[in-house]
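# Close look at the chain arrangement
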Amino acid sequence: MSMRSADLMPSPAAITARQAADDFAIPAFDPSGPHAAAGAAPRRPALPAILARKPPEQPRGFTGRQTILSVVVEVDPKKAAMLRAVLEKLRNDEEATRPKYDRLKQAVPTLHFISMTVFEDAHHDPVLVVEANFDGPPGPFWASLEAAIGPWLRDMVRCCKRPRDGTAAMFDAIVADRARLPVAPFFEAQTVRPAAGHQGNRGLTRARIEAEAALFQAVQEELGDRQRFAGMSAPGIHAALRRALLPDIGWLEAESPRRIARAENTSDWLRLAGFGLAALLAVSAPAILAWLLLPWWLVPLLSLAASFAFALVLRRYGGPETSSGLLPPSLRVQGALALLLFSGVLPVVLGVLCWLRWLEGRDQPQDAPPVDEEEVRRMSAREDRVLQNHMGSVVLVKPGALRAVLIRGGLWGLGLLLRVLPEARRGYLSSMRTIHFAHWALVGNGGRLMFFSNYDGTWESYLDDFIEKAHGGLTLAWCNCVGFPPARFLWFEGATHGRRFKAWARSSMAVSGFWFSAYPDLTVEQIERQHAVAEGLRRPELTPKEAAEWACLL
Amino acid sequence: MGMPVVAPPGWSLEARTARDTQGFVVSPFAHLPVAVALFLDAGKARRGWLRAVRQAAPATRADGQQQGRSAAIAFTATGLAALGLGEAELRGFERPFWEGMHHPDRRRRLGDLPGDGGATTLVEGGPRWSGNPKGADPTPLTVHALLVLYAADAADLDAWRVEVESVLDAQSVSAACELPLSLRFDRHGVAREHFGFADGLSQPIPYGDAVRRKDSGPQPDPWHGVPLGDFLFGHPNSHNEPSPGPAVEEKSAAGDATGFFDLGRNGSYLVVRELHQDVAAFWRSMEAAAAALGDPTKDGRWVAERAVGREMDGDLLLPGGKTLPRVPYAPHGPDNAFGFRATDRHGFGCPVGSHVRRSNPRDGLAPDDESAPDLLKSANNHRLLRRGRKFGDDFPADGQDDGKTRGLLFMALNTDITRQFEFVQQTWILNRAFATLQGETDPLCGPAGPFTVPDDPLRWRFGVETFIRFAGGEYFFLPGMAALDWLEARP
């Protein structure tokens, strides 16, 4: 997922503009409800008061793409406990504000979710991973994060190992006594980009989510007096609500900004096409070579012989179930297969599948991964405090050349596909829509795979969703990792071994030492619901059918 | 008193499995309408107490004909410890079982802790009984085993109970508490819970090699088919494996390990929750909500039926003020073969947040028609086999609150407590964001709060109070017959 900034606020000036937009949006969205009064006494937002200040026609923070990234730093093993303590202190500090985390929330107006986790395992020194999901490019984000929690970040770096690459000098300058040099550039330099990522509310900036939540709240208050709407038709209700809200919420009259800008859309498609071409070239390379070097009549013959041999082997590895699954169902597919066979591409594909099946038959799943009782208890104590939860996991990647290629190709392709599939753009993975931000990233020269997710509901329900609804993609992403339940052809079985998959996933996790959500009381579905309500209200008129569907969301 | 017209779906177990399974699994003992639940404290019991108890009240097997008396027995983790199971052996059970229902983190998840605003669904003074395992919040009473006695009439039950209690006395086992259970049918043969609604209508129908179905072949029921392994250890479950129960080392006479005994085989976890129902408060709340609607066509009963999701005789509410027509072959029993996606997507009939839709959303959470079958399948991965009964007298017919305690002893079988019972409780019943609803929970079981009734063109929204309160509960292990023998023979 590249992070070219298309039309985002690239300068600090834009951040100020965002802040203005947030000033308008935040007070109304108040997740901690009645407690809010404790912090800022007179600010209990009576509706007309907050919305009275006329916002600009189109609040600027309403457009833009989101960035997902993580920062991975090796931790000095002797200071791991200290680092955990720093995270714990930061957490206590931010939880002490009223409402909780409000200071961070205000100070970093583009931030959706951030987590800081220390991963420990027997094979590596501990690593600190900072996972961040925010609007716009990284530069302004890091600047505002530094302004918000800079000293904490410095304390964290002080618990880390001196890097052995070009950033060592930067590290020294940051950790020196009384150092004033900003920490953010160091974090930026250690950034790892996701190999694949997914977003539930793609293209909705935090400012927009908050403004639409405030609008939804205002709508609910209008509807509180239901008598006023008695006997009205759906279009009538729409018109009445619009009339009531329009004077206070100016942006309803502005044109609704596109969630995915044209340039972003084009780049998504181009990158997917590039990936497809590269993959095609890779599997055709041996055939091209053969056509160039061998007599023309020999290639199809060799292809036929090799395909036959590989097909036999596959049949043995995969069993009848598999081969019937691979048998061409239609004439068109048979034609394509004949072409692949003639051109010499087919044996390459079959050969790779044979190789894969051979590996899959010898990969040992880990049926009972070790459970750190204390760690599980800590996770259990942290989870299910708000509607959303966080999961961070690190696993080892299986060895070998084929796995190295497959995990990169698989994740890369999956990630690109998720950026263009209409369902995925609307937040769905199969039929589940509970993920705000999730990503996979390779670290340690591809030796380890990290997974981070900010999702709705309980961990159990999240994993059950994976197992029941999105097991194919999950298996593709994770089956190249050590201990994963047995998979076939990268896609089948795998995550459907529900209990084993859950045990494996839980064992790979660490307690999220620090975790922040900008809107802990909103699920992906609710954000979409509020967005649809807002979109409806932006329209001067709805047809009776549209209005009826829209009124169901109120 | 007649047989229930709404008979549970007909299924039984093949002979070999049936011989090793407690009858409680396959039958609600509807022919034995009176029962008593004895919550046993065996903390000071003599060795061999289980043998004596089994002689006085032998657990009914799943293969017998209907009998005049039936019994079921199940154990908490502390109860198994009292029978001599060690720490390591108990760890072979699922975490929720040995941590207990009252572990602080679990209480928070199950809604058994007072909320931030002090909203609570607990009885005054907090729950009174549990297994009291280490690390769980303690309750005043400790329960090691649950013994349920079923009989045809009150006189016989009393006589039997006296026999059993004298045996318990002799073994120094005390009943920490007991609840008289009943299955009173009204004159139409419908069993109603205390608020007056027909109850126990929707049950999963197990399938698998070990299941014999009376009415149809081995094909799973399209709406309620669930693999047997979700209710019985050792059989294929919905996660593609035999549901894993606990195994223990089998000690030979010399005391060395010679192998493993499958302690879980043909057993299950039994989730038990004692829920008190305040009938007067329920109808007060419903009337108050109705009055606030300002619509003379909508009374307390209208509100109550929306909160439940069925009308009082059990028929499903459909859009347009209709109910689901009864099936021809069971003219008195409500139809239970339905989904929500096709007929009631928006919940204009059966509200999306109603109790029946939250406890089993069927295909109602599907985002589109194509995914409806998948969503039904996935919802069925979280089914519970319910065996609960109500306790306490019926609410006085004159509507005057007599102040007596009454309610439901919720009993449900599942083999994966986390994926089944706790999932239902957390992800559906108490989920404040269930199906994009905002800030509301189950109108029956949840704490006081708002409740949305979708309507065309505009939804109704009103507050409901708390009228069901949790008074005690625990996770039990309901062993198979061989496992009972093994436990009994434990030195």
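Residues numbered from 1 in each chain as written. Chains lettered and ligands numbered in written order. Predicted model: local features only at pLDDT ≥ 70, side-chain atom pairs only at ≥ 80, totals over all residues.

## As for the overall build of chain B
Secondary structure assignment for chain B yields 14 helices and 21 strands. Its C-alpha atoms give chain B a radius of gyration of 22 Å, near enough to 23 Å, the size a compact globule of 491 residues would have. Dimensions along the principal axes, computed over C-alpha positions, put chain B at roughly 75 × 50 × 45 Å. Considering chain B as a whole, with its 491 residues, one finds that 53% of them fall into the buried category. Long-range contacts, defined as pairs at least 24 residues apart, comprise 69% of the intrachain contacts of chain B with a sequence gap of at least 6. (Helix = DSSP H or I, 4+ residues; strand = E, 2+ residues; numbered from the N terminus. Rg over C-alpha atoms; globule rule 2.2 N^0.38 Å. Buried ≥ 20, exposed ≤ 12 C-beta atoms within 10 Å, placed from the backbone. Contact = placed C-beta atoms within 7 Å.)

## Topic: the overall build of chain A
Per the secondary structure count, chain A includes 22 helices and 11 strands. Long-range pairs, those at least 24 residues apart, make up 80% of the contacts in chain A with a sequence separation of at least 6.

## Concerning the pairing of strand β7 (residues 174–182) of chain B
All names here are of chain B. Relative to β7, strand β2 (residues 34–41) runs antiparallel, the two sharing eight bridges. The residue bridging Asp-41 from the neighbouring strand is Ser-174, located in β7. Looking at chain direction, β7 and strand β17 (residues 389–391) are connected through two bridges and run antiparallel. In the sheet register, Leu-181 faces β17, and the bridge partner there is Phe-391. (Pairing = 2+ DSSP bridges.)

## Re the UniProt feature "transmembrane region" (unreviewed entry) in chain A
The positions UniProt marks with the feature "transmembrane region" (unreviewed entry) are residues 269–291, 297–314 and 335–358 of chain A. Structurally, residues 269–291 of chain A is divided into 100% helix and 0% strand, and its ends, taken at the C-alpha atoms, are 31 Å apart. (UniProt positions renumbered as here; feature names shortened; annotations may be inferred.)

## A short note on the confidence of the model for chain B
The predicted coordinates of low-pLDDT regions are not to be read in fine detail. All names here are of chain B. Mean pLDDT over chain B stands at 90; residues scoring 70 or higher make up 94%. Per-residue pLDDT stays below 50 along residues 1–7; that stretch engages in 18 contacts with residues further than four places along the chain or on separate chains. For this predicted complex, the interface score ipTM comes out at 0.91, alongside a pTM of 0.90. (pLDDT = per-residue confidence, 0-100.)

## Comments concerning unusual backbone geometry
With an omega of -10°, the peptide bond between Arg-98 of chain A and Pro-99 of chain A qualifies as cis. With an omega of 5°, the peptide bond running from Asp-456 of chain B to Pro-457 of chain B counts as cis. By the element assignment, Pro-457 of chain B lies in the loop between β19 (449–453) and β20 (460–464). Residue Arg-362 of chain B is not a glycine yet carries a positive backbone phi of 50°. Locating Arg-362 of chain B in the fold gives a position in the loop between α11 (355–359) and α12 (372–379). For Ala-435 of chain B, which is not a glycine, the phi torsion comes out positive at approximately 50°. The exposure class assigned to Ala-435 of chain B is partly exposed, which follows from the 15 C-beta atoms found within 10 Å.

## So, the nonpolar core
Across soluble globular proteins, nonpolar side chains show a tendency to be buried alongside one another. Grouped together as the largest cluster of nonpolar side chains are 127 residues, with contacts concentrated most on Ala-74, Leu-146, Leu-147, Leu-149 and Phe-476 of chain B. Two domains each put at least three residues into this core: domain 1 (11–272 + 478–489) and domain 2 (273–388 + 403–472) of chain B. Contact partners of Leu-149 of chain B, with chain neighbours within four places excluded, come to Ala-35, Val-36, Ala-57, Ala-71, Leu-157, Trp-160, Arg-161 and Val-164 of chain B. Core analysis: the next-biggest nonpolar cluster, separate from the first, contains 116 residues, Trp-459, Leu-463, Met-509 and Tyr-519 of chain A among them. (Core = buried A, V, L, I, M, F, W, Y, C linked by C-beta atoms within 7 Å. Domains from an automatic or database assignment.)

## So, the interface of chain B and chain A
How big an interface is tends to be stated in terms of accessible area lost as the parts join. Of the residues lining the interface, 29 residues belong to chain B; the matching set on chain A comes to 32 residues. The set of elements that each furnish at least two residues to the side of chain B that touches chain A consists of α7 (104–110), α12 and α13 (418–429) of chain B. Looking at the side of chain B that touches chain A element by element, the count peaks at five residues for α13 of chain B. Considering only residue class, the side of chain B that touches chain A consists of eight nonpolar, 13 polar and eight charged. (Nonpolar A, V, L, I, M, F, W, Y, C, P; charged D, E, K, R; others polar.)

## Description of the domain arrangement of chain B
Residues and elements named next belong to chain B. Along its sequence, chain B is organised into domain 1 (11–272 + 478–489) and domain 2 (273–388 + 403–472). For domain 1 versus domain 2, the separation of C-alpha centres amounts to 26 Å. At the junction of the two partners, domain 1 supplies 54 residues and domain 2 supplies 50 residues. Going through the elements one at a time, α2 (23–26), α6 (95–99), α7, β4 (129–130), β7 and β13 (268–277) are the ones with two or more residues in the side of domain 1 that touches domain 2. For the side of domain 1 that touches domain 2, a count of residues per class yields 30 nonpolar, 18 polar and six charged.

## Focus on helix α16 (residues 401–420) of chain A
Over its 20 residues, α16 of chain A runs 29 Å from end to end, which matches the ideal 28 Å to within 8%, given 1.5 Å per residue. By the burial criterion, the buried members of α16 of chain A are Arg-403, Leu-406, Ile-407, Gly-410, Leu-411, Leu-414, Gly-415, Leu-416, Leu-418 and Arg-419 of chain A. (Expected span 1.5 Å × (residues − 1).)

## Quick notes on the packing of helix α9 (residues 206–224) of chain A against helix α10 (residues 234–245) of chain A
Residues and elements named next belong to chain A. Two elements in contact, α9 and α10, have axes separated by 11 Å at closest approach and are oriented at 115°. On the basis of their axis angle, the class for α9 and α10 is roughly perpendicular. Helix-helix and strand crossings are classified by hand; for α9 and α10 the assignment is right-handed. Packed against α9, whose contacting residues are Ala-218, Val-219 and Glu-222, the element α10 presents Leu-241, Ala-244 and Leu-245 at the interface. Of the residues in the contact of α9 with α10, the class split is five nonpolar, no polar and one charged. (Axes fitted to C-alpha atoms, helices over the stretch in contact; angles between N-to-C directions. Parallel < 35°, antiparallel > 145°, perpendicular 65-115°, else oblique. Left-handed = near helix turned anticlockwise from the far one by under 90°.)

## Let's talk about the sheet that holds strand β1 (residues 66–74) of chain A
All names here are of chain A. Taken in spatial order, the five strands line up as β4-β1-β3-β2-β11 in an open sheet, and their pairing is antiparallel. Where the open sheet ends on each side, the last strands, each with one partner, are β4 (191–192) and β11 (514–517). Bridge analysis of β1 against β4 gives two bridges, and the strand direction is antiparallel. Bridge pairing links Val-71 to Thr-191 in β4.

## Comments concerning the packing of α10 of chain A against helix α22 (residues 544–551) of chain A
Packed helices, taken two at a time, are described by the angle their axes make and the gap between the axes. Residue and element names in this part refer to chain A. Following both chains from N to C, one finds α10 and α22 inclined at 70°, their axes separated by 8 Å at the closest point. Classified by the angle their axes make, α10 and α22 are roughly perpendicular. Contact residues: α10 offers Ala-234, Pro-235, Ile-237 and His-238, while α22 offers Pro-544, Ala-547, Ala-548, Trp-550 and Ala-551. Taken together, the residues that form the contact of α10 with α22 break down as eight nonpolar, one polar and no charged.

## Quick word on the sheet that holds strand β8 (residues 448–456) of chain A
Residues and elements named next belong to chain A. Here four strands make up an open sheet; going across it, the order is β5-β7-β8-β6 and the pairing antiparallel. Every other strand in the sheet has two partners, leaving β5 (196–199) and β6 (388–396) as the edge strands with one partner each. Strand-to-strand twist across the sheet, computed as the mean angle between neighbouring axes with direction ignored, equals 10°. Bridge analysis of β5 against strand β7 (residues 435–443) gives four bridges, and the strand direction is antiparallel. For Gly-197, the partnering residue across the bridge sits in β7 and is His-439. Packed onto the sheet, α16 meets β5 and β7 and runs at close to 25° relative to β5.

## A short note on the environment of Phe-185 of chain B
Following the sequence through the fold, Phe-185 of chain B ends up in the loop between β7 and β8 (205–207). Sequence spacing of Phe-185 of chain B and Pro-33 of chain B is 152 residues, and the spatial spacing of their C-alpha atoms is 8.6 Å.

## Side note on the environment of Phe-423 of chain B
As for its position among the elements, Phe-423 of chain B is in helix α13. Taking the C-alpha atoms as reference points, Phe-423 of chain B and Gln-203 of chain B, 220 residues apart in sequence, are found 17 Å from one another.

## With respect to the pairing of β11 of chain A
Residues and elements named next belong to chain A. Where burial is concerned, the two faces of β11 agree: the one with Phe-514 and Phe-516 and the one with Trp-515 and Ser-517 are both buried. Judged from the four bridges that link them, strand β2 (residues 111–121) and β11 form a sheet pairing that is antiparallel. Of the residues in β11, the one forming a bridge with Phe-113 is Ser-517.

## Quick look at the confidence of the model for chain A
Residue and element names in this part refer to chain A. Looking at chain A, pLDDT values average 86 and 87% of them are 70 or higher. Ranking the elements of chain A by mean pLDDT puts helix α2 (residues 36–39) last, at 38, and β11 first, at 97. Overall, residues 1–47 carries pLDDT values under 50, and its contacts beyond four positions in sequence, including any with other chains, amount to 89 contacts.

## A look at the environment of Tyr-475 of chain B
Assignment of secondary structure puts Tyr-475 of chain B in strand β21 (residues 468–478). Distance in space between the C-alpha atoms of Tyr-475 of chain B and Arg-273 of chain B is 8.8 Å, their sequence separation being 202 residues.

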